[in-house]
Amino acid sequence: MYCGQRLAAVGDVPDVHIHVMRRQVFEALPVDEALPRLKNALFSAATAVLVAPPGAGKTTHVPLALLHESWLAGRKIIVLEPRRLAARAAAHRMAQLLGENVGETVGFRVRLESRIGRRTRVEVVTEGVLSRMIASDPTLDGVGLVIFDEFHERSVHADLGLALTLHARDELRDDLGVLVMSATLDGARVARLLGNAPVITSEGKAFPVETRYVPYRSATSREAAVVAAVTSAAADPGDILVFLPGAGEIRRVAEALQSRALPRGMSIIPLFGSMSLEDQDRAIQPSPAGTRKVVLATTIAQTSLTIEGIGVVIDSGYTRIPRYSPRTGMTRLETVRVSRAAADQRRGRAGRMGPGVCYRLWSAADEALLKPHDTPEILEADLAPLVLDLAVVGIADPAQLRWLDLPPEGATAHARELLRELGALDTAITSHGRDLAALGAHPRIAHMLITARDAGHGALACDLAALLEERDILGGVPHERDPDLRTRLDMLHGRRQAAASLQRLRKTADRWRDRLAVQGASDVRAAGWLLALAYPDRIAQRREGTAPRYVLRQGMGAVLPPGSGMHNEPYIVAAELDARGPESLILLAAPITAEEIEEHFADQIEISDTIQWDETTGSVSARRRRVLGAIVLADAPLKHPSEQDITRAIQRVILESDFSMLNWTRDAVTLRNRLAFLHAHDPEWPDVSNAGLRLTSDKWLAPYLTGLRRRQEILRISVEDAVRELLTWQQRAKLDQLAPTHIQVPSGSRIAVDYSDPATPVLAVKLQEVFGLTSTPTILAGRKPVTMHLLSPSRRPVQVTTDLASFWRTSYFEVRKELRGRYPKHPWPDDPLNAPATRRTNRSRP
């Protein structure tokens, strides 16, 4: 045991404080043995890392033990907690230890609630509050020490708060103390971030905890397995703490346990973040004598809170985390397996007061498959609040600060884009952006509140903010709830006795009203466009068809669940979607009218003249559209499209078809092949490949498209004449000389040259028609012999050669022997060089 006298010996304590502290006897806790080392470290380095297990007492004992250190010189200690419940509980416990009320020496400050007095020296705040404190006072004047408690949870607010605090220490306040406390943390890594700060380790005093693995069969639901485990654990001594992923599972397990024959005096108490303070306190406080409790909790009870009397922990092995997608701009809650570190923290809750038992609803073999640590939230979170807080203090690039994990570039870029859309950012933060940051809500919600207040709809905006920030009052499975936000507004203003969830929402809405200084009733009819202020990217338009399918402004697809009363609404605003599959299910929405979109988003509506090819009609379509992103608000024919735009549209579709829309006659194909042959041997000749024709289409194609509208008109274009536009007059003069279309052979026939392969032009001719031809014909001014395909009378190739003279000397006689027997009516002379060439048989020759 130690008392106020021991604490007072640490530094100069005013008499009044000594008197108060002596009245309260402090229970000795494991962290006490580390306090002398911690004080020395902070005295010499002003930074330190304290690693102590859950329940060691670091949250409540460390701030009080440091309160009167001489180097603090009477300045404040700011203690950051990851959750509102933990902040309030820690402040109440420290005030209790001092024999005071909250708001005297110890106070707390969370969003929409504050208990701070003139004498307050220890302020327990939630992590988002620190960012706003630094924004309003970058020097943190009057603050001597900032303590980051439970830092191993690695919330995005904790990472941001530490980065900003270190920035303030580096740039403005080298005397500012920084202490990072954690239960399970890579202390060395954090110490390096703090400039090689001392690492103080408290081994703590943990009682032995027996681990029992009770895996359930796949056919058994997780919740049924939890109920069975609680029934079994009722035989073990102590209160029972059950870890479940979320409030929905807690409610279902609680209902199932109510029907079980649990021991007399055992009560079932839920514990999750959106509960009232009174209900949360009931879960935390010791059970009355002769009673026991089963606390059904989310991750909130994992490290931030000490629940008195726990002797048994039942771990479902799952947790629910938010995952943000920069692609969709949405955050989706996912149920995932816990990490080994989280499982160990949960297990340790059973050994806080004495020997305990931990039931793990998985096998010992499965434990090896758990990942070592949780992924830091900053790597998977919506970074709009972070980017806005950085902009307030003049930091445009997160890389300017020191981070354990640098915020991802993709999420950061998407956050900037959203803040620009909300009017919070331009080249730097705007005055509107500063107002959003000062409000302390997510930038989306803050933008809605401020804009609605200025438009005379502040009361409704406060109701909407409460509904959007708190847990859904309809409860149940999200996919089975009515998505209409107006239903919830009606419930919020109903006159009948309200449930606890409704009372909580009304208190939150009232706090926003006080904060914004607004009064009056809510006009539910404006809910849609107010919701669109917060979610301008999720305005949605109904697609054609019978199903209630929508396209969001950002281009994604969405669908309303069956039975929704909004099925026929042409426009809605989707505040919440499940972000699964090609079409997200809409979970929360309100209708908005086309007139409201036109009025409130006029500056974002774009006029788009679309002139394009309509494949259905085979003609050019010219239309004028008024669009909001992917939403088409109006679509009508364009009365006077320009000729140039029409020509471009036709040219574009022809290029997209690789010129297949054109009428490539035989002569046009032949010309193209001849030019390809010449280009292959001399790059000065035009490139008539598809790629080359695309590059030069303005020269050879566009002039022939002027005035055209329909496919039939395009087919009448002389492609041969058009392609010739690529040639200079010198090239036109040389074309027939270098790449003739035909070559005359001894029989008198003019045989077409096949240029389909630019590397090997082919002359396919009957063998008898070249009797007497001593050498291979050439093109390209004699530089390129053609490849001769010598044909039988039936026009089948019997020889391919580029050396006709050699053929006569060698291969001809073998070919003659074979062909003479097959075609006896045709001449097969012994001396082909002196025989007359012919196209006829022996009988038909004169």
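Chemist: Provide a residue-level description of the overall build of the protein, including the pertinent values.
Modeler: What the protein contains, in helices and strands, is 31 helices and 31 strands. Computed over C-alpha atoms, the radius of gyration of the protein comes to 41 Å, more than 25% over the 28 Å expected from 2.2 N^0.38 for 846 residues, which places it beyond the range of a compact globule. Along the longest, intermediate and shortest principal axes, the C-alpha atoms of the protein span 140 × 60 × 60 Å. For the protein, with 846 residues in total, the buried portion stands at 52%. Total accessible area computed for the protein in this model is approximately 38,100 Å², and 49% of it derives from carbon and sulfur atoms.

Chemist: Talk me through the environment of V214; I want residue IDs and the actual numbers.
Modeler: By the element assignment, V214 lies in the loop between β9 (209-213) and α9 (222-233). For the pair V214 and R360, spaced 146 residues apart in sequence, the C-alpha to C-alpha distance is 6.0 Å. With residues near it in sequence (within four places) discarded, V214 still touches Y359, R360, L361 and W362.

Chemist: Can you tell me about the packing of helix α14 (residues 384-392) against helix α16 (residues 431-439), naming the residues and giving the values?
Modeler: One way to put it is that α14 packs onto α16 with a least axis distance of 10 Å and a crossing angle of 115°. The crossing of α14 and α16 is left-handed. Note on element contacts: α16 touches α14 through G433, R434, L436 and A437, opposite L388, D389 and V392. Of the residues that constitute the contact of α14 with α16, the class distribution is four nonpolar, one polar and two charged.

Chemist: Now, about the pattern of salt bridges: what can you tell me, with residues and values included?
Modeler: Tallying each qualifying case throughout the model produces 44 salt bridges. The partner of E153 in a salt bridge is R83, and the shortest N-O contact between them spans 3.1 Å. Taken as a pair, E153 in the loop between β6 (143-148) and α7 (156-171) and R83 in the loop between β2 (76-81) and α5 (84-97) lie far apart in primary sequence, 70 residues in all. Linked by salt bridges that have partners in common, R154, D159, R189 and D405 make up one network.

Chemist: Tell me about the environment of R542, and name the residues and values.
Modeler: For R542, the location among the structural elements is in strand β17 (residues 539-542). Setting aside chain neighbours within four positions, we find R542 in contact with A547, P548, R549, Y550, H567, N568, E569 and P570. Within the structure, the side chain of R542 is placed 3.0 Å from the backbone oxygen of G545, a separation counted as a polar contact. A distance of 3.2 Å separates the side chain of R542 from the backbone oxygen of T546, its partner in a polar contact.

Chemist: I'd like a description of the nonpolar core, backed by residues and values.
Modeler: Counting 102 residues, the largest nonpolar core has L194 and M448 as its most contacted members. Among the elements that take part in this core, helix α18 (residues 458-469) stands out by supplying eight residues, more than any other. Beyond its immediate chain neighbours, meaning those up to four positions away, M448 contacts A461, L464, A465, L468, L530, L533 and A534. Among the nonpolar cores identified, the runner-up in size contains 61 residues, and I654, I743, L780 and L790 belong to it.

Chemist: Quick one: what's the story with the sheet that holds strand β23 (residues 619-628), residue by residue and with numbers?
Modeler: Read across the sheet, three strands follow the order β22-β23-β24 without closing on themselves; strand pairing throughout is antiparallel. Because the sheet does not close on itself, it has two edges, and the strands there are β22 (606-614) and β24 (631-637). Direction aside, the axes of adjacent strands within the sheet are offset by 30° on average. In this sheet, β23 lies alongside β22 in antiparallel orientation, the contact comprising nine bridges. Directly across from E606, in β23, lies its bridge partner V627. Its contacts with the sheet place helix α23 (residues 643-656) against β22 and β23, and it is angled at close to 55° to β22.

Chemist: Let's hear about the packing of aromatic side chains: which residues, and what values?
Modeler: The tally for this structure, following the rule as stated, stands at nine aromatic pairs. With centroids separated by 5.4 Å and ring planes inclined at 50°, the aromatic side chains of F677 and Y755 adopt a geometry described as tilted. Of this pair, F677 sits in helix α24 (residues 666-681) while Y755 sits in the loop between β26 (750-754) and β27 (762-766); the two residues are 78 residues apart in sequence, bridging distant segments of the chain. Considering the side-chain rings of F771 and Y812, the 6.4 Å spacing of their centres and the 85° angle between planes classify their relative orientation as edge-to-face. Within this pair, whereas F771 is found in the loop between β27 and β28 (778-779), its partner Y812 is found in helix α31 (residues 812-822), the two being separated by 41 residues in sequence. An aromatic cluster is built from F771, F807, W808, Y812 and F813, whose rings are joined through pairwise contacts.

Chemist: Could you give me a rundown of the confidence of the model for the protein, with the residues and numbers involved?
Modeler: Residues at a pLDDT of 70 or more form 94% of the protein, whose mean pLDDT is 88. Low pLDDT, under 50, characterises residues 1-25; the predicted model gives this stretch 44 contacts beyond four residues in sequence or across chains.

Chemist: Account for the packing of helix α3 (residues 35-45) against helix α4 (residues 58-66), naming residues and giving values.
Modeler: Packed helix pairs are characterised by how far apart their axes lie and by the angle those axes make with each other. For the pair α3 and α4, the least separation of the axes is 11 Å and the interaxial angle reads 55°. Regarding the angle of α3 to α4, the classification is oblique. The hand of the α3/α4 crossing is right-handed. In this structure, α3 contributes L35, L38, K39 and L42 to the contact, and α4 contributes V62, A65 and L66. Here the contact of α3 with α4 is composed, by residue class, of six nonpolar, no polar and one charged.

Chemist: Got a sec to walk through unusual backbone geometry? Specific residues and values, please.
Modeler: Positive phi outside glycine occurs at A73, with the angle close to 55°. Summarising the element assignment, A73 is placed in the loop between α4 and β2. Residues other than glycine seldom take positive phi values, yet R795 does so here, at roughly 70°. Mapped onto the secondary structure, R795 falls in the loop between β30 (787-791) and β31 (797-801).

Chemist: Help me get a handle on the pairing of strand β13 (residues 310-315), residues and values and all.
Modeler: The buried count for β13 comes to six of six residues, which makes it a mostly enclosed element. Across four bridges, the pairing between β13 and strand β16 (residues 356-360) is parallel. Paired with V312 across the bridge in β16 is V357.

Chemist: Run through the sheet that holds β13, naming residues and quoting values.
Modeler: Reading across the sheet, the six strands line up as β9-β16-β13-β10-β12-β11 and stay open at both edges, with parallel pairing between neighbours. The sheet terminates laterally at β9 and β11 (266-271), the two strands that pair on one side only. Strand-to-strand twist across the sheet, computed as the mean angle between neighbouring axes with direction ignored, equals 20°. Pairing analysis gives four bridges linking strand β10 (residues 239-243) to strand β12 (residues 292-297), with the strands arranged parallel.

Chemist: Tell me about the side chain of S619, and name the residues and values.
Modeler: With respect to the helices and strands, the residue S619 is situated in strand β23. Judged by relative accessible area, S619 falls into the buried class, the value being 16%. Here the side chain of S619 touches T617 through a polar contact of 2.9 Å, side chain to side chain. With residues up to four places along the chain from it excluded, the contact list for S619 reads Q612, W613, D614, R709 and R710.

Chemist: Kindly report on the environment of A837, identifying the contributing residues and their values.
Modeler: As for its placement among the helices and strands, A837 is situated in the segment after α31. For A837, a relative accessible area of 24% translates into the label partly exposed. Sequence spacing of A837 and K293 is 544 residues, and the spatial spacing of their C-alpha atoms is 114 Å. With residues near it in sequence (within four places) discarded, A837 still touches P746, S747, Q768, E769, V770 and F771.

Chemist: Would you mind going over the pairing of β24 in detail, with residue names and values included?
Modeler: The sheet contact formed by β23 and β24 spans six bridges and is antiparallel. Looking at the pairing, R626 lines up with A634 of β24. Counted along the chain from β23 to the antiparallel partner β24, the turn is two residues long, and its residue G629 has a positive phi close to 65°.

Definitions and limits used
- Along each chain, residues carry numbers from 1 onward, in the same order as the chain's sequence is written.
- Since the coordinates come from a predicted model, pLDDT governs what is reported: local features require at least 70, and pairs of side-chain atoms require 80 or more to be given and counted, while whole-chain, interface and lining totals use all residues.
- Here the side-chain values reflect all heavy atoms present in the structure, with hydrogen atoms and water set aside.
- A run of DSSP states H or I qualifies as a helix once it reaches four residues; a run of E qualifies as a strand once it reaches two. Both are numbered from the N-terminal end.
- When we talk radius of gyration, it's over C-alpha atoms, and the globule rule is simply 2.2 Å times the number of residues to the 0.38.
- Buried means the residue's accessible area, taken with a 1.4 Å probe over protein chains only, is under 20% of the maximum for its type, while exposed means over 50%, and partly exposed covers the values in between.
- Here the accessible surface of atoms and residues is derived via Shrake-Rupley with a 1.4 Å probe, and residues count as covered only by protein chains that are part of the display.
- Residues count as neighbours in contact if any of their non-hydrogen atoms are within 4.5 Å of one another.
- Angles here are taken between N-to-C directions and fall from 0 to 180 degrees, while the axes themselves are lines fitted to C-alpha atoms, restricted in helices to the stretch in contact.
- By definition, any crossing whose near helix is turned counterclockwise from its far helix by less than a right angle is left-handed, and any crossing with a clockwise turn is right-handed.
- Just so you know the grouping, Ala, Val, Leu, Ile, Met, Phe, Trp, Tyr, Cys and Pro go in nonpolar, Asp, Glu, Lys and Arg go in charged, and all remaining residues, Gly too, go in polar.
- Within this document, salt bridges are pairs made up of a side-chain nitrogen of Lys or Arg and a carboxyl oxygen of Asp or Glu, the two lying within 4 Å of each other.
- Here a polar contact is taken to be a pair of N or O atoms separated by no more than 3.5 Å, where protein atoms must pair a possible hydrogen donor with a possible acceptor and residues adjacent in sequence count only if both atoms sit in side chains.
- By nonpolar core we mean a set of buried residues, namely Ala, Val, Leu, Ile, Met, Phe, Trp, Tyr and Cys, connected to one another through side-chain atoms within 4.5 Å.
- Only strands joined by at least two bridges in the DSSP assignment are considered to pair.
- For this analysis, a ring pair means two rings from Phe, Tyr or Trp (six-membered ring only for Trp) whose centres lie within 6.5 Å, classed as stacked if their planes differ by under 30 degrees, edge-to-face if by over 60, and tilted for the remaining angles.
- Scored from 0 to 100, pLDDT records how confident the predictor is in each individual residue.
- We call two directions roughly parallel when the angle between them is under 35 degrees, roughly antiparallel when it is over 145, roughly perpendicular when it lies between 65 and 115, and oblique otherwise.

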